[in-house]
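# Results of the structural survey
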Amino acid sequence: MDIVEYCGVPRYLHSDFPLGNPCGKPYDSDMQLQIIQQGLGLIEHAQQARSTERTPFTWKDDNWRADYARIDDSNREELRLRGERRRQQQANDKAAGKSRAAMISEI
Amino acid sequence: MDQYDVPYMERTRNFYRAQGYSKDYQWAHYDDVPFTVLQKPLSKARIAVITTAMPDTEPGRAQRQVYASPSDPIPSVMYTDELSWHKTMTHTEDVASFLPLQQLRQCTQLNLIGDLTQRFYSIPTEYSQRNTIEKDAPEILALCQQDEVDVAILVPL
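Presented here is an overview of the structure given in this document. (Residues numbered from 1 in each chain as written. Chains lettered and ligands numbered in written order. Predicted model: local features only at pLDDT ≥ 70, side-chain atom pairs only at ≥ 80, totals over all residues. Heavy atoms only, no water.)

### Details of the interface of chain A and chain B
Each partner contributes to the interface: chain A provides 62 residues, whereas chain B provides 70 residues. A combined buried area of about 6,100 Å² lies between chain A and chain B, and 60% of that area is made up of carbon and sulfur atoms. Close ionic contact of Arg 54 of chain A with Asp 5 of chain B constitutes a salt bridge, the shortest N to O distance being 2.6 Å. The tally of links from chain A across to chain B stands at 24 residue pairs in polar contact (both at pLDDT 80 or more). Among the elements of the structure, α1 (2-7), β1 (11-14), α2 (29-45), α3 (63-67) and α4 (76-95) of chain A are those that each provide at least two residues to the side of chain A that touches chain B. Of the residues belonging to the side of chain A that touches chain B, the class tally is 31 nonpolar, 14 polar and 17 charged. (Contact = heavy atoms within 4.5 Å. Buried area = accessible area lost by both parts, 1.4 Å probe. Salt bridge = Lys/Arg side-chain N within 4 Å of Asp/Glu carboxyl O. Polar contact = N/O pair within 3.5 Å; in protein donor to acceptor, adjacent residues only side chain to side chain. Helix = DSSP H or I, 4+ residues; strand = E, 2+ residues; numbered from the N terminus. Nonpolar A, V, L, I, M, F, W, Y, C, P; charged D, E, K, R; others polar.)

### Let's talk about the nonpolar core
One broad trend across soluble globular proteins is that nonpolar side chains are buried collectively. Of all hydrophobic cores here, the largest spans 26 residues; its most connected members are Leu 40 of chain A together with Ile 47, Val 49, Leu 99, Leu 104 and Ile 153 of chain B. Those elements that provide at least two residues to this core are α2 of chain A together with β1 (46-51), α3 (101-109) and β7 (151-155) of chain B. Among the elements that line this core, the one with the most residues is α2 of chain A, at four residues. Core analysis: the second largest hydrophobic core is formed by 15 residues, Val 6, Phe 15, Tyr 16 and Tyr 21 of chain B among them. (Core = buried A, V, L, I, M, F, W, Y, C linked by side-chain atoms within 4.5 Å. Buried < 20%, exposed > 50% of the residue type's maximum accessible area, 1.4 Å probe, protein only.)

### A few points about the pattern of salt bridges
Between side chains of opposite charge, a pair can form when the charged atoms approach closely. For the structure on display, the rule yields 18 salt bridges over all chains. As a salt-bridge pair, Glu 139 of chain B and Lys 135 of chain B come within 3.2 Å of each other at their nearest N and O atoms. Of this pair, Glu 139 of chain B and Lys 135 of chain B both sit in helix α4 (residues 129-146), separated by four residues, roughly a single helical turn. By relative accessible area, which is 31% here, Glu 139 of chain B ends up partly exposed. Take Lys 135 of chain B: its relative accessible area is 41%, and that puts it in the partly exposed class. Three or more residues are tied together by salt bridges with common partners; here these are Asp 16, Asp 62 and Arg 65 of chain A.

### As for the environment of Asp 16 of chain A
Locating Asp 16 of chain A in the fold gives a position in the loop between β1 and α2. C-alpha separation for the pair Asp 16 of chain A and Arg 65 of chain A, spaced 49 residues apart in sequence, amounts to 9.7 Å. Not counting chain neighbours up to four residues away, the residues in contact with Asp 16 of chain A comprise Trp 59, Trp 64 and Arg 65 of chain A together with Asp 5 of chain B. Within the structure, Asp 16 of chain A has its side chain in polar contact with the side chain of Arg 65 of chain A (distance 2.8 Å).

### Focus on the packing of aromatic side chains
With the rule as written, the count across this model stands at six aromatic pairs over all chains. Pairing Tyr 68 of chain A with Tyr 8 of chain B gives two aromatic rings, centres 4.8 Å apart and planes at 75 degrees, and the pair type is edge-to-face. Linking Tyr 68 of chain A in the loop between α3 and α4 with Tyr 8 of chain B in helix α1 (residues 8-18), this pair reaches from one chain into another. The residues Tyr 68 of chain A and Tyr 8 of chain B share a single accessibility class, namely buried. Here Tyr 25 of chain B and Trp 27 of chain B contribute two aromatic rings whose centre-to-centre distance is 5.2 Å and whose plane-to-plane angle is 90 degrees, an arrangement assigned as edge-to-face. Overall, the relative accessible area of 15% leaves Trp 27 of chain B in the buried class. (Phe/Tyr/Trp six-rings, centres within 6.5 Å; stacked < 30°, edge-to-face > 60°.)

### Quick word on the pairing of β1 of chain B
All names here are of chain B. Among the six residues that make up β1, five are buried, leaving the element largely enclosed by the rest of the structure. Pairing of β1 with strand β6 (residues 119-122) involves two bridges; the strand directions are parallel. Opposite Ile 50, over in β6, you have Tyr 121 as the bridge partner. (Pairing = 2+ DSSP bridges.)

### A few points about α3 of chain B
Within α3 of chain B, the full set of buried residues consists of Leu 101, Gln 103, Leu 104 and Cys 107 of chain B. Seen from one end, α3 of chain B has its buried residues packed into an arc of 165 degrees, which puts them on one side. Where α3 of chain B is buried, its residues touch α2 of chain A together with β1, β5 (115-116) and β6 of chain B. Taken from the residues just after α3 of chain B, Asn 111 of chain B is the one with a positive phi, measuring 60 degrees. (Arc of directions from axis to C-beta.)

Here you go:
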């Protein structure tokens, strides 16, 4: 939410879920339909840029909030090594003519 | 219960620093944001979907770039491995949880929208704002114009 609002968009419907399922929980087609309908309502009724709404849904628990991009003593060294490997990979990609860097995906 | 909005910018900054990156990522930021009220009723509007997931094809897995893929049949899988979603907490095996084609098809049947474009578009997430602004966004705009889109819904993972 902070990233989208920092960027600024015309309309934004926020799902307060772990990243990956913005349209609703997997296999919950009722929730998925309700979320898209709320989004369509926002498209229709918003009167100004940066119009933000939240869906009424919550994830099954809140453990994910603290877990995202967690850094502690258990993974500090692993992250440092991962960065070194990634910089080596980027150098190899660049040498091979790849113009676009892969994203860091191992959150 | 411990509900709060996850501070993604701060977490991401610290996560990259922990991997030895000294230069913080600069997120896009605009003081002026474009806005247009809907020009026709939604029940007559053509909707397009833009996702940051790539097609699960050989080119889609090999090269992250703009793609236009058929909306029908709805793909049963999309390539999301290279994106930064929360892999320890959820999964992307149900395409409708991040690519709302099925539910928009239902909305068409309910006459809530006019129709859905015959193609949906993939746009790569990028560290380079220049790539997005100068290359990918104009390609997406051209696709929207070719398909006579009234409303574009961007659903990033």
